[in-house]
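In case you want the letters, here they are:
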Amino acid sequence: MKIRKWARRLKGYFQHKAIVLMYHRVVHLSADPWQLAVHPVYFEQHLQVLSRRFRVVAVNDLVMQLRKGTVASNCVCITFDDGYSDNFINAKPLLEKYQCPATFFVATQFINRKHLFWWDELQHIMLDAEILPSVFSMVINNELIEYFLGEDAIMDETIRRKHLEWVAPDNPPTKRCELYLLVWSCLKPLPDAELQSALDRIRFWGGSLNNFDRLGVPMSTAQLKDLVSHRLFDAGMHTVTHASLPLHSPETQSLEIINNRNDLLRTGDHARNILAYPYGDYGDTTIAVVKKEKLAAAFTTCGQIVTRQSDLFRLGRFQVMNWNGREFERQLRHWFKTK
């Protein structure tokens, strides 16, 4: 028994593996509770490490390898989720400089809009506003949310510092953070029309946004078309409205996927029939819908290596944090040692 166990472990160490990296933003942010942003200086260091030490391949190439039952050694794929404009402004020139292919999974409804993604706008309203009403009382998703902010309604340096240091969803350090998480969890499962209606009421409660992150808006249609017309870059699917698919009916899940694919096909020839599940959420029904719509592959947010035995519709990705080049290389080598 021990011999077989060690033989399996040894095989795991020597089999060919691929790592799929998940980025969201390339920008400097002072507050980043969901750890979505990598500083442009660090992102360039990441690309230097990848170009020097690893074989960077397109996601579509990796999927084609998997369909043939193989994975080339020492492969890394670069992916971006959502469709932030800083992907075009900050990431694209660096990817071109180091000739690294990348796939951008895009929630197409937001493209060409001039306002923030809902989770970012909620963050700015609740965590950045200088003054908020002391009481929040609102029905969202058929649930009455009543919350008293007390002294936390007025921003001070202590609260601001706590917000800068906070990593969501762990241990909210202020009442504002607690309220943010509570409202976020109620908004997430809503159909888009209901979510936008609730967000309108939250805007009215908290006041209009000032001095928000202008690079945080989604890409324009022109930026997306320019991006995916490049030989290095592909567009992938991320649903139309960034919906948490398993929280919706199979019919809604199908429409989110079909319409997302059609939107992307209008951007150019580099649209791929590959999905990244929003929030990493999926279930058996979602997998059935993905297969029914004949997608080539789908990615989660689970930190798992890709091997030739990997399930094409549960492919893992590793979220990249705001690491410098040395930290990033150390993390990559750790991931590649994963069995």
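Quick note: structure is the one above.
Bear in mind that the values here come from a model prediction, so they are computed numbers and not experimental data.

Colleague: What exactly am I supposed to notice about the overall build of the protein chain here?
Modeller: Scanning the protein chain from N- to C-terminus turns up 12 helices and 12 strands. Its C-alpha atoms give the protein chain a radius of gyration of 21 Å, within 12% of the compact-globule value 20 Å for 339 residues. For the protein chain, the spread of C-alpha atoms along the three principal axes comes to 60 × 50 × 45 Å. Taking all 339 residues of the protein chain together, the buried fraction comes to 55%.

Colleague: Help me out: how do you make sense of the nonpolar core in this one?
Modeller: Side chains of nonpolar character tend, in soluble globular proteins, to be buried together. Among the nonpolar cores identified, the biggest contains 72 residues, and L21, F43, L50, I78, F80 and L95 are the most heavily contacted of them. Beyond its immediate chain neighbours, meaning those up to four positions away, L95 contacts F43, L47, I78, F80, C100, A102, F104, L232 and F233.

Colleague: How should I be thinking about the environment of K292 in this particular structure?
Modeller: Of note, K292 is situated in helix 11 (residues 284-292). By relative accessible area, K292 is classed as exposed at 56%. It is 29 Å that separates the C-alpha atoms of K292 and Y84, two residues lying 208 residues apart in sequence.

Colleague: What is the right way to read the pattern of salt bridges from this model?
Modeller: Side chains bearing opposite charge may pair, as long as their charged atoms lie close to each other. Counted under the stated rule, the structure contains 19 salt bridges. Notably, a salt bridge pairs R52 with E329, separated by 3.9 Å at the nearest N-O pair. Highlighted residues: R52 in helix 2 (residues 40-53) and E329 in helix 12 (residues 325-336), separated in sequence by 277 residues. Across the pair R261 and E293 runs a salt bridge whose closest N-O atoms are separated by 3.8 Å. Of this pair, R261 sits in helix 10 (residues 250-265) while E293 is found in the loop between helix 11 and strand 11 (297-299), placing the two residues 32 residues apart along the sequence. By relative accessible area, R261 is classed as buried at 19%. Salt bridges sharing partners connect three or more residues here, namely R52, R53, E329 and R333.

Colleague: Help me out: how do you make sense of the pairing of strand 9 (residues 233-237) in this one?
Modeller: Regular strands have side chains that alternate between both faces of the sheet. Within strand 9, 5 of the 5 residues are buried, which leaves it mostly tucked inside the rest of the structure. Side chains of strand 9 alternate between two faces, with F233, A235 and M237 and D234 and G236 buried alike. Summarising the sheet, strand 6 (residues 102-106) and strand 9 pair through 5 bridges and their orientation is parallel. Looking across to strand 9, one finds that A102 is bridged to F233. The parallel pair strand 9 and strand 10 (residues 271-276), bridged by helix 10, forms a crossover whose chirality is right-handed.

Colleague: When you look at the environment of E143 in this model, what are you seeing that I'm missing?
Modeller: Residue placement: E143 occurs in strand 8 (residues 143-148). Here the alpha-carbon distance between E143 and Y277, two residues 134 residues apart in the chain, equals 26 Å. Sequence-distant contacts of E143, that is, excluding residues within four places in its chain, are made with M138 and C186.

Colleague: Whenever I open this one, the packing of aromatic side chains confuses me. Can you help?
Modeller: What characterises a pair of aromatic rings is the spacing of the ring centres plus the angle enclosed by the ring planes. Under the counting rule described, the total for this entry stands at 20 aromatic pairs. Residues W184 and Y279 carry aromatic rings whose centres are separated by 6.2 Å and whose planes lie at 85° to one another, so their mutual orientation is edge-to-face. One end of the pair, W184, is in helix 7 (residues 175-187); the other, Y279, is in the loop between strand 10 and helix 11, and 95 residues separate them in sequence. Since its relative accessible area comes to 16%, W184 is described here as buried. Aromatic ring contacts, followed pair by pair, group W34, Y84, F110, F117, W118, W119, W184 and Y279 into a single cluster. Sitting above the plane of the Y279 ring, K188 keeps its charged end 4.6 Å from the centroid.

Colleague: Which parts of the structure should I look at to understand the side chain of N90?
Modeller: Tracing the sequence through the fold places N90 in helix 4 (residues 85-97). For N90, the side chain forms a polar contact with the main-chain oxygen of V26, separated by 2.8 Å. Setting aside chain neighbours within four positions, we find N90 in contact with V26, V27, P40 and L215.

Colleague: Can you help me understand the packing of helix 2 against helix 4 in this one?
Modeller: Remark: helix 2 packs on helix 4, axes separated minimally by 10 Å, with the N-to-C direction vectors making an angle of 25°. Accordingly, the angle class assigned to the pair helix 2 and helix 4 is roughly parallel. The two elements helix 2 and helix 4 cross, and the hand of that crossing is right-handed. Contact residues: P40, F43, E44 and L47 in helix 2; N90, A91, L94, L95 and K97 in helix 4. In the contact of helix 2 with helix 4, the residues fall into 6 nonpolar, 1 polar and 2 charged.

Basis of the calculations
- Residues numbered from 1 in each chain as written.
- Predicted model: local features only at pLDDT ≥ 70, side-chain atom pairs only at ≥ 80, totals over all residues.
- Heavy atoms only, no water.
- Helix = DSSP H or I, 4+ residues; strand = E, 2+ residues; numbered from the N terminus.
- Rg over C-alpha atoms; globule rule 2.2 N^0.38 Å.
- Buried < 20%, exposed > 50% of the residue type's maximum accessible area, 1.4 Å probe, protein only.
- Core = buried A, V, L, I, M, F, W, Y, C linked by side-chain atoms within 4.5 Å.
- Contact = heavy atoms within 4.5 Å.
- Salt bridge = Lys/Arg side-chain N within 4 Å of Asp/Glu carboxyl O.
- Pairing = 2+ DSSP bridges.
- Right-handed = clockwise from strand over helix to strand, strands pointing away.
- Phe/Tyr/Trp six-rings, centres within 6.5 Å; stacked < 30°, edge-to-face > 60°.
- Lys NZ or Arg CZ within 6 Å of the ring centre and 35° of its normal.
- Polar contact = N/O pair within 3.5 Å; in protein donor to acceptor, adjacent residues only side chain to side chain.
- Axes fitted to C-alpha atoms, helices over the stretch in contact; angles between N-to-C directions.
- Parallel < 35°, antiparallel > 145°, perpendicular 65-115°, else oblique.
- Left-handed = near helix turned anticlockwise from the far one by under 90°.
- Nonpolar A, V, L, I, M, F, W, Y, C, P; charged D, E, K, R; others polar.

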